[in-house]
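In case you want the letters, here they are:
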Amino acid sequence: MFKIRKIKKQFDIIDRVGYSNLIVSGCSFTFNNHETSAASWPYYLRDIGGFNEVYDCSLPGAGNNHIANSLQWCLENESPDPKNSLVVVMWSGNDRDDYVMPSSNDNKEYPFHFNYSKDVVSGITGGNAPENKGNLKEYVVPKSKESRAIENYLIINSMYHYLKSKGFTFVFLNFLYGPSRTNHFDLATYLPTNLKHTYKEMFTHVTDLHEWAIRHDFVEEDDFHCNVHGHLDWTRKVLHPYLVDNYSI
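Now for a description of the structure that goes with this document.

Analysis parameters
- All residue numbers refer to positions counted from 1 along the written sequence of the respective chain.
- Local features in this predicted model are restricted to residues of pLDDT 70 or higher, and side-chain atom pairs are both shown and tallied only at a pLDDT of 80 or more, whereas totals for entire chains, interfaces and linings draw on every residue.
- With hydrogens and water excluded, all non-hydrogen atoms of the structure serve as input to the side-chain values.
- For salt bridges, the criterion is a side-chain nitrogen of Lys or Arg within 4 Å of an Asp or Glu carboxyl oxygen.
- Helix numbers and strand numbers start at the N terminus; a helix is a DSSP run of H or I with at least 4 residues, a strand a run of E with at least 2.
- Between buried and exposed lies partly exposed: a residue is buried under 20% and exposed over 50% of the maximum accessible area for its type, with that area taken using a 1.4 Å probe on protein chains only.
- Between any two strands, pairing holds if DSSP finds at least two bridges.
- Simply put, an axis is a line fit to the C-alpha atoms, just over the touching stretch for a helix, and the angle between two N-to-C directions goes from 0 to 180 degrees.
- Contact criterion: two residues are considered in contact whenever any of their non-hydrogen atoms come within 4.5 Å of each other.
- Expected span, for any helix, means 1.5 Å times one less than how many residues it has.
- Values of bend correspond, residue by residue, to the angle between axes fitted over the seven residues ending at that residue and the seven starting there.
- Polar contacts, as used here, are pairs of N or O atoms within 3.5 Å; protein pairs need one atom able to donate a hydrogen and one able to accept it. Residues neighboring in sequence count only if both atoms are side-chain atoms.
- Each angle gets one of four labels, with under 35 degrees taken as roughly parallel, over 145 as roughly antiparallel, 65 to 115 as roughly perpendicular, and the rest as oblique.
- Helix crossings fall into two classes, left-handed where the near helix is turned counterclockwise from the far one by less than a right angle and right-handed where it is turned clockwise.
- For this scheme, ten residues count as nonpolar: Ala, Val, Leu, Ile, Met, Phe, Trp, Tyr, Cys and Pro. Four count as charged, namely Asp, Glu, Lys and Arg, and the remainder, Gly too, count as polar.
- Buried Ala, Val, Leu, Ile, Met, Phe, Trp, Tyr and Cys residues that are joined via side-chain atoms within 4.5 Å together make up what is termed a nonpolar core.

Charged atoms that come close allow side chains of opposite charge to pair. The final tally for this structure, using the stated rule, is 10 salt bridges. A salt bridge links Lys3 to Glu35, with the shortest nitrogen-to-oxygen separation between them at 3.3 Å. Taken together, the residues span a long stretch of sequence, with Lys3 in the segment before strand 1 (21-25) and Glu35 in the loop between strand 1 and helix 1 (41-49) at a distance of 32 residues. Glu35 sits in the partly exposed class, given a relative accessible area of 41%. As a salt-bridge pair, Asp233 and Lys237 come within 3.0 Å of each other at their nearest N and O atoms. Within this pair, Asp233 and its partner Lys237 are both found in helix 6 (residues 228-247), separated by 4 residues, close to a single helical turn. Looking at Lys237, the relative accessible area reads 55%, which means it is exposed. Salt bridges sharing partners connect three or more residues here, namely Lys3, Arg5, Glu35 and Asp56.

See below:
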């Protein structure tokens with residue numbers, strides 16, 4: 001279920017976005033690593049944007065499958081009112097793992113197949129009989145960048161249409177866009193031409209949190225994550241103004 005922290009408000013409202021509920025999902029770039037003090041952008045945005053509560057299903061180290069599945073599960077179970085809720089999803093690395101895989105990892109023994117492209121197929125670990133072990137040759141990283149790109153596109157696109165069908169106002173962010181210490185990559189590079197634009201249009205293209213941290217010297221000692229000062233500065237100068245200008249009610 002959604003995580004609701006008992007964190008006292010620390011900052012005065014600058015400008016109300018207009019919603020009561022701020023619903024978030026993401027990885028460590030969203031996760032608040034303290035139970036009683038604000039340490040990440042959702043709780044700073046709650047204060048300066050005039051939200052009443054943060055409903056959070058972020059998880060450090062999460063990939064996009066978790067981000068989407070946990071959010072959908074919480075929304076389905078707890079049914080917050082879409083009219084009073086703003087959903088902000090900060091998607092994570094496309095290098096993080098489940099199973100859309102290259103056909104080279106297909107053991108060719110399973111009788112059923114689904115092809116996404118000539119070289120990318122569905123990988124499954126079970127079948128319609130107990131003795132069936134699916135079509136995987138092995139479980140160790142059975143993915144190429146193209147298969148990861150297709151998988152993550154489908155995850156993000158599905159969440160986009162799910163939230164839209166439920167009547168939520170929502171914003172999609174990237175935790176980073178450019179090169180980093182991770183193996184994250186721009187999945188649009190591996191998409192068919194007709195889907196590249198569709199993918200880009202689903203995102204809000206503000207300066208990402210990682211770039212802001214590097215540009216303004218807010219990087220933590222691990223040389224990757226943004227520190228609490230950067231979370232606050234980015235929220236005040238990038239995220240909150242954008243939401244007020246484009247999503248306030």
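Having seen the model, we can carry on.
Spatially, the 4 strands line up as an open sheet ordered 2-1-3-7, and their pairing is parallel. The open sheet is flanked by strand 2 (53-56) and strand 7 (169-174), the only strands paired with a single partner. Pairwise comparison of adjacent strand axes, ignoring direction, gives a mean angle of 20° for this sheet. Sheet analysis places strand 1 next to strand 2, joined by 4 bridges and oriented parallel. Looking at the pairing, Val24 lines up with Asp56 of strand 2. Seen against the sheet, helix 6 touches strand 3 (85-91) and strand 7 and runs at an angle of roughly 145° to strand 7.

Quick look at helix 6 now. With 20 residues, helix 6 extends just 25 Å between its outermost C-alpha atoms, more than 12% less than the 28 Å of an ideal straight helix rising 1.5 Å per residue. For helix 6, the principal kink sits at Thr235 and spans about 45°. Among the residues of helix 6, Gly230, His231, Leu232, Asp233, Trp234, Thr235, Val238, Leu239, His240, Leu243 and Val244 are the ones counted as buried. Against the buried residues of helix 6 lie helix 1, strand 3, strand 7 and helix 5 (209-215). Measuring from the backbone nitrogen of His229 back to the side-chain oxygen at the start of helix 6 gives 3.1 Å, which picks out Asn227 as the cap.

Let us look at the packing of helix 2 (residues 64-78) against helix 3 (residues 145-166). Axis separation between helix 2 and helix 3 bottoms out at 9 Å; the angle between their running directions is 20°. Here helix 2 lies roughly parallel to helix 3, going by the angle between them. For the element pair helix 2 and helix 3, the recorded crossing hand is left-handed. Of the residues in helix 3, those in contact with Asn64, Asn65, Ala68, Leu71, Gln72, Leu75 and Glu76 of helix 2 are Asn152, Ile155, Ile156, Met159, Tyr162, Leu163 and Lys166. Tallied by class, the residues present in the contact of helix 2 with helix 3 amount to 8 nonpolar, 4 polar and 2 charged.

Right, let's talk about the environment of Val228 for a bit. Among the secondary structure elements, Val228 is positioned in helix 6. Residues Val228 and Phe218 lie 10 residues apart in sequence; the distance between their C-alpha atoms is 8.1 Å. What Val228 contacts, discounting residues up to four positions off in sequence, is Ala39 and Tyr44.

With that settled, the discussion passes to helix 1. Helix 1 sits mainly inside the fold: 9 of its 9 residues count as buried. Looking at helix 1, one finds that the buried residues are Trp41, Pro42, Tyr43, Tyr44, Leu45, Arg46, Asp47, Ile48 and Gly49. Residues of helix 1 that are buried make contact with strand 1, strand 2, strand 3, helix 5 and helix 6.

Trp41, Leu71, Trp91, Leu163, Phe172, Tyr199 and Trp234 are the most contacted members of the largest nonpolar core, which totals 63 residues. For this core, the secondary structure elements donating two or more residues are strand 1, helix 1, helix 2, strand 3, helix 3, strand 7, helix 5 and helix 6. Here the element with the most residues in this core is helix 3; it accounts for 7 residues. Those residues in contact with Leu163, other than ones at most four positions away along the chain, are Leu75, Val87, Phe168, Phe170 and Phe172.

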